[in-house]
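Secondary and tertiary structure notes
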Amino acid sequence: MQNEHEKVLNFVLTLFKAMQKDNLGYVYRGRFTQDITDNILALTENKLEKEEQSAKIKKRVYSILVECLQNITRHQDDAKVDSPDSNGLFVIQKHDEKYFITTGNLVMNDNIDYIKNLIETINGLEKEDLKDYYKMVLEDGSLSSKGGAGLGLIDMARKSGNKLLYQFRPIDDKSSFFYLHTIPSLEGLDLKSGNKAESLNNIIDIHNTLNKKNILLVSNGPFNQESLMILLGSLEGQMTGTISHKKKVFFVVVEMLQNIVKHGFNADSNCLGMPGIFIISEHEGHYTITTGNYVNAYKYESLKNKIENVNNLSKEKLDEYFNKCLFDFEIDSSKKAGLGIIDLRIKSGNPIAYSFNKVSNEAYFFSLHTTINKE
Amino acid sequence: MPEKLIIDSTEDTPKVIFDAENKIFQISERSLPENAIGFYESLLNWLTQYSKNPIELTIFDFKLEYFNTASAKQIAKILLILENIGKKKNVVINWYFKKEDADMLSSGTRFSKLINLNFNFAEY
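Residues numbered from 1 in each chain as written. Chains lettered and ligands numbered in written order. Predicted model: local features only at pLDDT ≥ 70, side-chain atom pairs only at ≥ 80, totals over all residues. Heavy atoms only, no water.

So, the overall build of chain A
Regarding its fold elements, chain A presents 12 helices and 10 strands. Considering chain A as a whole, with its 375 residues, one finds that 54% of them fall into the buried category. Sequence separation of at least 24 residues holds for 73% of the intrachain contacts in chain A that already meet a minimum separation of 6. Split by element, the accessible area of chain A, about 17400 Å² in all, is 49% carbon and sulfur. (Helix = DSSP H or I, 4+ residues; strand = E, 2+ residues; numbered from the N terminus. Buried < 20%, exposed > 50% of the residue type's maximum accessible area, 1.4 Å probe, protein only. Contact = heavy atoms within 4.5 Å. Areas by Shrake-Rupley, 256 points an atom, 1.4 Å probe, with all protein chains shown as cover.)

Considering the overall build of chain B
Along the backbone of chain B there are three helices and six strands. For 124 residues, the compact-globule formula gives about 14 Å, and the C-alpha radius of gyration of chain B, at 13 Å, lands near that figure. Reported as C-alpha extents along the three principal axes, the dimensions of chain B are approximately 35 × 25 × 25 Å. Expressed as a percentage of the 124 residues in chain B, the buried residues total 54%. Partitioning the contacts of chain B with sequence separation of at least 6, the portion at a separation of at least 24 is 67%. Taken as a whole, chain B presents about 6000 Å² of accessible surface, with 46% of it coming from carbon and sulfur. (Rg over C-alpha atoms; globule rule 2.2 N^0.38 Å.)

Comments concerning helix α3 (residues 55-75) of chain A
Between the first and last C-alpha of α3(A) there are 31 Å, a value that for 21 residues agrees with the 30 Å anticipated at 1.5 Å per step. Residues of α3(A) that are buried in the fold lie against α2 (34-51), β2 (88-95), β3 (98-108), α6 (151-160) and β5 (175-182) of chain A. (Expected span 1.5 Å × (residues − 1).)

Re the pairing of β3(A)
On a regular strand, each side chain points to the face opposite its neighbour's, so the side chains alternate between the two faces of the sheet. Residue and element names in this part refer to chain A. Extensive coverage of β3 is indicated by the burial of nine of its 11 residues. Where β2 and β3 come together, seven bridges link them in antiparallel fashion. Bridging from a neighbouring strand, Ile92 pairs with Ile101 of β3. In textbook terms, the turn of a hairpin is the stretch between consecutive antiparallel strands, and for β2 and β3 this stretch comprises two residues, one of which, Asp96, has a positive phi near 40°. (Pairing = 2+ DSSP bridges.)

Details of the confidence of the model for chain B
Confidence in the prediction for chain B averages 95 pLDDT; 100% of positions are at 70 or higher. At the level of chain-chain contacts, confidence expressed as ipTM amounts to 0.91, with global pTM at 0.82. (pLDDT = per-residue confidence, 0-100.)

Some thoughts on the packing of helix α12 (residues 339-348) of chain A against helix α2 (residues 69-85) of chain B
Orientation of α12(A) relative to α2(B), taken along the N-to-C sense of each, is 110°, at an axis distance of 9 Å. As the angle between them shows, α12(A) and α2(B) are arranged roughly perpendicular. α12(A) and α2(B) meet at a crossing whose hand is right-handed. Here Leu339(A), Gly340(A) and Asp343(A) of α12(A) come into contact with α2(B), specifically with Thr69(B), Ala72(B) and Lys73(B). The class makeup of the residues in the contact of α12(A) with α2(B) is two nonpolar, two polar and two charged. (Axes fitted to C-alpha atoms, helices over the stretch in contact; angles between N-to-C directions. Parallel < 35°, antiparallel > 145°, perpendicular 65-115°, else oblique. Left-handed = near helix turned anticlockwise from the far one by under 90°. Nonpolar A, V, L, I, M, F, W, Y, C, P; charged D, E, K, R; others polar.)

Quick notes on the sheet that holds strand β3 (residues 24-31) of chain B
All names here are of chain B. Ordered by their spatial adjacency, six strands build an open sheet running β1-β2-β3-β4-β5-β6, and the pairing between neighbours is mixed. With partners counted over all chains shown, the strands left at the sheet margins are β1 (5-7) and β6 (118-123), one partner each. Sheet twist, expressed as the mean angle between neighbouring strand axes with direction ignored, is 15°. By the bridge criterion, five bridges tie strand β2 (residues 15-19) to β3 in an arrangement that is antiparallel. Bridge assignment links Phe18 to a residue of β3, and that residue is Phe25. Sitting on the sheet, α2 touches β3, β4 (57-67), β5 (90-97) and β6, and the angle it makes with β4 is about 170°.

Some remarks on helix α9 (residues 243-263) of chain A
The first and last C-alpha atoms of α9(A) sit 30 Å apart over 21 residues, in line with the 30 Å expected at 1.5 Å per residue. Most of α9(A) sits out of view: 16 of its 21 residues are buried.

A short note on the nonpolar core
The biggest cluster of nonpolar side chains holds 122 residues, and the ones touching the most others in it are Phe278(A), Phe60(B), Phe62(B) and Ile78(B). By residue number, the principal contributor to this core is α9(A), which donates 10 residues. Here this core gathers at least three residues from each of two domains, domain 1 (25-220) and domain 2 (243-372) of chain A. Discounting chain neighbours no more than four positions away, the residues touching Phe60(B) are Phe18(B), Phe25(B), Ile27(B), Leu47(B), Ile78(B), Leu82(B), Val92(B), Ile93(B) and Asn94(B). (Core = buried A, V, L, I, M, F, W, Y, C linked by side-chain atoms within 4.5 Å. Domains from an automatic or database assignment.)

Quick notes on unusual backbone geometry
Residue and element names in this part refer to chain B. In this structure, Lys23 is a non-glycine residue whose phi angle is positive, near 60°. Topologically, Lys23 is positioned in the loop between β2 and β3. On the basis of relative accessible area, Lys23 is assigned to the exposed category, the value being 56%.

Listed below in structure tokens is the structure:
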């Protein structure tokens, strides 16, 4: 078991680094319901408000998002395949002051040629011609049963002002996974440069990992109370199970995220919030929540002692300890654990799995891992 | 008797009604602020003020859907003030919980064992 935990915890740092490298902000993998879509929009709006100055870019990113999300919702039931790939994918990242939006969904192999031709046609058209083409497709009765006929794709190309990047990853002889990569910007970009394709490949790699571990959501900070509340909203929308089980998961998520906000270490004082990573995965109704963040090197010993101390207590002792801490209003001394850590241990019913990786003389990367078993 | 204290809820802070004149003392909805000490400060000040001259019977309702551990400590502080009031006047705690919400019930049970006051538990 411990070995299994170590693997998970190492994976957190790897994923964090991969996401840092590409500035992946938010990854959602799963079914796309109205609630989820609304939440992704709210989360991005929150991010844009904080980071983006240009109102024009904000509007573009937002309207492309709407289009992308509708695209997934529309096509997610096309394939009745019981595979990890039947879940849709949404990724937003920021790179050199530009936003990259990637969506993914399963498509039937029979449709690949049609989609490819359509994207190639769109990519071959100039801005003015796109408008005409849009009109033509709209008037030409050959709309698909989904009412799309590629209008969404044409619209995305128009709004982004850039060519659409795409890739098909074969799954079996019937289906493939379709990745669509859009970069909203005001002036056209030179997409021939190899790093754009590389960035899509990196997303595909990450997506493979998410599929293997059935990860539903990854958020790569920065964390603050506001982004935390929106993350909670997107979780509430998609969890299944009994009310009390859901609440336990919710509770653990709040404590773990607030832990990052309160105790994380931020080497970059310009950053609005704590850098870190939050991952939630589900397996047969059991939820696994993992966080990773930097901590100041001088806190390493005491934090480790606190967790070890809590891990070594019996159920009864743990309860007593909780009561003692509940009414202890002194500022936490080094040996005492915070209520949050004790409660994580109680709620999960298992010792807390954790790891520290030294990243520099002043900081450690600290990851924490909790499983809430199905009731 | 201090002026009534009414705070509307937000997505991460609870609704508060402290109204001694109308005998309403209630904290409801969700409490998960990052800075719980900051949020609860005005509540604790009000109650400390109120405890100097409390009414004969204070019925205090906790009708929370959810609270984080940081809020738990502040609730503990509130209960300590109420326990003190209970030494000279009557105080009853109504602890509400949603059906199926075993955690909220057990949080209330925990407090009832640690605080010397009468607790009523009620589903809502």
